[in-house]
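Descriptive structure summary
Here are the chains, one letter per residue:
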Amino acid sequence: MGLIDNTKKALRLLLGRRFTSDDISMQQEAFTSTLDIRGADVYTEDYLVPLTSLPFSGSSQNKATQDGVIKYWYRQKLTKSNLDRDVWFFLDPTGSDSGITPQIIQTSQQSNFISSKYSAPPLTNAGTEDSTPGYNVVVYKSTSLNSGSLASSAKVSINDYQFDYKTGVLQFDQNKPSSNQYVYITVYQYIGKTLATDPNIGVFAQTGSYYSTTNDLKITGSFDLSLDGSTDKITVSSGGDLKFQFNEQGTAKFEPQATAPTAVSGGMFYSGSDEFFLGFNN
């Protein structure tokens, strides 16, 4: 036995504790941030994942998508590990029947599958091929290469395997497939935006080459705008018409207006006839 107790270490890290030594208890370890979560791990369109009325459940809908957020895989053939037949990987395209190494993540490895935690409670136990489908995977093992001909007897008991919805790895805990059997799975996948790919996170959204917002903005504190002196400028428009700008050199400039606006106290207006008009309180 080594000097590091991996079980204790894993438990402490999951509970937000640092792991330094077996010589001190969990309660003596310092609290810290122990989970390394990337932006690509955070879904930003999960609100578009249906809670009920899942749209797909049959062979004709294989690889169908909805809203660019969910994708349906019907009886996708899995690829086994080249070490044994207890571990299978979700690849697209499917890998060699001789298997792949489990030590390297293949470029065709699929991940981010949707589990029943995204469904309404009545669908907690529903499978992806049920007449009223849910998000629980359905797994088959068979000697047939025709996934459409699989009988219900080929369906694998949920007690025989564990499926990692995040990584797309299927592990048999018992009754692993024999040497002449193939494994198939039906599952929903999340293909929507993440924190790393969504340009619309926050107040502003990307619109072509610039960012914009229709939200009301309020700034408390100092506000500093820096122009580059060559191409940057600040413009103010109303009704689609340019009214005022700070040009590229930072000069305040009123745009000439063909129609005189309603006079207001303290207002200023520059006409198309090259005249300024000031508003006073009479």
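I will try to describe carefully the structure that is included in this document. Keep in mind it's a predicted model, so treat the numbers as computed, not measured.

1. Re the packing of aromatic side chains
If you walk through the whole model with that rule in mind, you get 16 aromatic pairs. Residues Phe244 and Phe246 carry aromatic rings whose centres are separated by 5.3 Å and whose planes lie at 85° to one another, so their mutual orientation is edge-to-face. Owing to a relative accessible area of 33%, Phe246 belongs among the partly exposed residues under this scheme. Their ring planes at 65° and their centres at 5.1 Å tell us that Phe244 and Phe254 sit as a pair that is edge-to-face. A residue pair is termed long-range when its members are at least 10 positions apart, and Phe244 in strand E12 (residues 241-246) and Phe254 in strand E13 (residues 252-254) qualify at ten residues. One residue, Arg17, lies across the ring of Phe31, its end atom 3.8 Å from the ring centre.

2. A look at the pairing of strand E5 (residues 138-142)
Counting buried residues in E5 gives five out of five residues, a clear majority hidden from the surface. Burial of E5 is two-sided: the residues Val138, Tyr140 and Ser142 facing one way and the residues Val139 and Lys141 facing the other way are all buried. Pairing analysis gives five bridges linking E5 to strand E8 (residues 182-190), with the strands arranged antiparallel. Of the residues in E8, the one forming a bridge with Lys141 is Val183.

3. Observations regarding the pairing of strand E2 (residues 70-77)
In terms of burial, E2 is largely enclosed, as eight of its eight residues are buried. Pairing of strand E1 (residues 65-66) with E2 involves two bridges; the strand directions are antiparallel. Residue pairing across strands places Thr65 opposite Lys71, the latter belonging to E2. From the end of E1 to the start of E2, which pair antiparallel, there are three residues, and Asp67 there has a positive phi angle of about 60°. When E2 meets E8, the two strands line up antiparallel, connected through six bridges. Bridge pairing in E8 places Trp73 opposite Val187.

4. Considerations on the pattern of salt bridges
In a structure, side chains of opposite charge can pair up when their charged atoms sit close to one another. Across all of its chains, the model carries nine salt bridges by this definition. A salt bridge links Asp41 to Arg38; the nearest nitrogen and oxygen atoms lie 3.4 Å apart. We note a salt bridge from Lys176 to Asp84, for which the minimum N-O separation is 2.9 Å. Of this pair, Lys176 sits in the loop between strand E7 (169-172) and E8 while Asp84 is found in the loop between strand E3 (79-80) and strand E4 (87-89), placing the two residues 92 residues apart along the sequence. Among the ionic contacts, a cluster of salt bridges with common partners joins Arg38, Asp41 and Lys166.

5. Some details on unusual backbone geometry
Here the residue pair Asp92 and Pro93 is connected by a cis peptide bond, since its omega of 5° sits within 30 degrees of zero. Tracing the backbone through its elements, the reader meets Pro93 in the loop between E4 and E5. Located in the positive-phi region is Asp67, a residue other than glycine, with phi close to 60°.

6. Some thoughts on the side chain of Ser142
Tracing the sequence through the fold places Ser142 in strand E5. Of the residues examined, Ser142 reaches a relative accessible area of 13% and is grouped as buried. Within the structure, Ser142 has its side chain in polar contact with the backbone nitrogen of Ser144 (distance 3.0 Å). Filtering out sequence-adjacent residues up to four positions away, Ser142 remains in contact with Leu150, Ala154, Asn180, Gln181 and Tyr182.

7. Comments concerning the sheet that holds E7
Strand order in the open sheet formed by four strands is E3-E4-E7-E6, and the pairing between neighbours is antiparallel. The sheet terminates laterally at E3 and strand E6 (161-164), the two strands that pair on one side only. In this structure, E6 lies alongside E7, joined through four bridges in antiparallel fashion. Counterpart to Tyr161 in the pairing with E7 is Phe172.

8. Observations concerning helix H1 (residues 6-14)
Near the N-terminus of H1, the side chain that reaches the backbone nitrogen of Thr7, with its oxygen 3.1 Å away, is that of Asp5. Gly16 lies just past H1 and shows a positive phi near 75°.

9. A short note on the layout of surface pockets
Empty space within the largest pocket amounts to approximately 400 Å³. Lining the largest pocket are 21 residues, with Ile105, Gln109, Ser111, Lys166 and Thr167 sitting closest to its centre. Looking at the lining of the largest pocket, its residues break down into eight nonpolar, nine polar and four charged. A volume near 240 Å³ is recorded for the second largest pocket. Around the second largest pocket, the lining comprises 14 residues; the ones closest to its centre are Asn136, Val137, Val138, Ile158 and Tyr161. The set of elements that each furnish at least two residues to the lining of the second largest pocket consists of E5 and E6. Tallied by class, residues from the lining of the second largest pocket come to eight nonpolar, four polar and two charged.

Scoring rules and cut-offs
- Residues numbered from 1 in each chain as written.
- Predicted model: local features only at pLDDT ≥ 70, side-chain atom pairs only at ≥ 80, totals over all residues.
- Heavy atoms only, no water.
- Phe/Tyr/Trp six-rings, centres within 6.5 Å; stacked < 30°, edge-to-face > 60°.
- Buried < 20%, exposed > 50% of the residue type's maximum accessible area, 1.4 Å probe, protein only.
- Helix = DSSP H or I, 4+ residues; strand = E, 2+ residues; numbered from the N terminus.
- Lys NZ or Arg CZ within 6 Å of the ring centre and 35° of its normal.
- Pairing = 2+ DSSP bridges.
- Salt bridge = Lys/Arg side-chain N within 4 Å of Asp/Glu carboxyl O.
- Polar contact = N/O pair within 3.5 Å; in protein donor to acceptor, adjacent residues only side chain to side chain.
- Contact = heavy atoms within 4.5 Å.
- 1 Å grid on protein atoms, 1.4 Å probe; cavity = no way out; pocket = protein on both sides within 12 Å on 5 of 7 lines; lining within 4 Å.
- Points joined across faces, edges and corners; volume = space filled by probe spheres on them.
- Nonpolar A, V, L, I, M, F, W, Y, C, P; charged D, E, K, R; others polar.

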